[in-house]
Amino acid sequence: MRVYYDDVFKGHETGPGHPENPRRLDYALEGIRDAGAPLVAPRARDDVLQHLEAAHGRDYIRYIEDLCSLGNLTELDGDTWVSPGTCNAAFTAVSAILDALDSREHAYILARPPGHHAGRSGRALTAPTQGFCIFNTAAVGALYGEGAAVVDIDVHHGNGTQEILYDRDVLYISTHQDPLTLYPGTGFPDEVGRGRGEGFNVNVPMPPGLGDDGFKKIFDEVVMPILRQYGPRVLIVSLGWDAHKEDPLADMGFTLNGYRYAIRSLLSLNVPAVFLLEGGYNYAVLKEGSKMLAMELAGLGRAPPEEPSASDHSAWGRLTKILAEVRSIQSRYWRL
Ligand SMILES: [Zn+2]
């Protein structure tokens, strides 16, 4: 098991008061220290640009490089900023995922900026902004790692990852808060992929207020059956801690018990799993969640010190309907 980290990830600045800031990594690192896991620095690779270009247009990459070279903090859109350290951070995150995939070991990549909202040329699908993201590290990894599947359990839909992988036969499964109630406004069940990619895009929108019990049901009834049938050789997990009940940006109501259930289910596939930090804006959750994940990856897992949460009656009712819709759409491609 490897935890990838480099101080350059703190060199991506986002301006005063921004929820996605370098301090997030300090708290996550505290959790890693508590778990007793060593850190690995990603090595400098000379093939980063080549693999980045599989996911992003050359013009977009150059545009970001130009902004990095301006020498000051630049607003890319209402949510997303580029600073002089952004490019080194974002390129190093790509190095880390390429290294992690080469190692064929479980890994947790503690990198910033996050990536799953970054589309081929920046803003993805119909999103109003890039949602704090610069390069889509998960998608770069998915196009690099043979037989990869991407599972996205950040509370926001990974619209960038969906856009980049949409016509590829690379499985992308996302669980996220109902897009009618949260950025980026996409991620409905009928978005199933196109051409060769048809059937390889799976969206499960979740009603706000769903607890750990509902999240477990989604894993048991949709995520894991599809993953087992697909049979990935490696898993890339876009991991956001922002579905936790203490997160300031969303309303899902999960605890670390729900996360642990998802992580254990994914590890039960017995293939290397690369967990990539995406969102998560409550510092204590970043710390405790990172500790829990590192311990699970090392096989030393213990129950988190929280009571599991339960869905309220109305969220459970809405989940039942959503699962019926997902099943009816995805059963064209998978046995559900
Ligand atoms: Zn998020």
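Residues numbered from 1 in each chain as written. Predicted model: local features only at pLDDT ≥ 70, side-chain atom pairs only at ≥ 80, totals over all residues. Heavy atoms only, no water.

By the naming in an unreviewed UniProt entry, the chain is Histone deacetylase superfamily, taken from Thermoproteus uzoniensis.

### Considerations on the packing of aromatic side chains
Counted under the stated rule, the structure contains twelve aromatic pairs. Ring centres 4.4 Å apart and planes at 25° place the aromatic pair Phe-215 and Phe-254 in the stacked group. Of the two residues, Phe-215 is situated in helix H7 (residues 212–230) and Phe-254 in the loop between strand E11 (234–239) and helix H8 (256–267); the sequence distance between them amounts to 39 residues. Of the two residues, Phe-215 and Phe-254, neither departs from the other in class, the shared state being buried. Through pairs of rings, three or more aromatic residues link up here, namely Phe-215, Phe-219, Trp-241, Phe-254 and Tyr-259. (Phe/Tyr/Trp six-rings, centres within 6.5 Å; stacked < 30°, edge-to-face > 60°. Helix = DSSP H or I, 4+ residues; strand = E, 2+ residues; numbered from the N terminus. Buried < 20%, exposed > 50% of the residue type's maximum accessible area, 1.4 Å probe, protein only.)

### What to know about helix H3 (residues 58–68)
Listed in full, the buried residues belonging to H3 are Tyr-60, Ile-61, Ile-64, Leu-67 and Cys-68. The buried residues of H3 all sit within an arc of 125° when viewed along its axis, so they share a single face. H3 presents Asp-59 and Asp-66 as exposed residues on the side facing more than 90 degrees away from its buried surface. (Arc of directions from axis to C-beta.)

### With respect to the coordination of the zinc ion
With distances of 2.0 to 2.7 Å, the protein atoms coordinating the zinc ion are Asp-154 (OD), Asp-154 (OD), His-156 (ND1) and Asp-242 (OD). Bound by four donor atoms, the zinc ion shows angles of 54 to 154° at the metal and therefore irregular coordination geometry. Written as a sequence motif, the donor arrangement for the zinc ion is D-x1-H-x85-D. Residue Asp-154 is classed as buried on the basis of its relative accessible area of 1%. The class for His-156 is buried, based on a relative accessible area of 7%. (Donors = N, O, S within 2.8 Å, 3.2 Å for Na, K, Ca; no water. Tetrahedral: all angles 85-135°; square planar, octahedral: opposite > 155°, others 65-115°.)

### Let's talk about the packing of H7 against H8
Close contact between H7 and H8 brings their axes to 9 Å; oriented N to C, the two are set at 15°. Here H7 lies roughly parallel to H8, going by the angle between them. At the point where H7 passes H8, the crossing takes the right-handed sense. On H8, the residues touching Asp-212, Phe-215, Lys-216, Phe-219, Asp-220, Met-224 and Leu-227 of H7 are Asn-257, Gly-258, Tyr-261, Ala-262, Ser-265 and Leu-266. Classifying every residue of the contact of H7 with H8 by side-chain character gives seven nonpolar, three polar and three charged. (Axes fitted to C-alpha atoms, helices over the stretch in contact; angles between N-to-C directions. Parallel < 35°, antiparallel > 145°, perpendicular 65-115°, else oblique. Left-handed = near helix turned anticlockwise from the far one by under 90°. Contact = heavy atoms within 4.5 Å. Nonpolar A, V, L, I, M, F, W, Y, C, P; charged D, E, K, R; others polar.)

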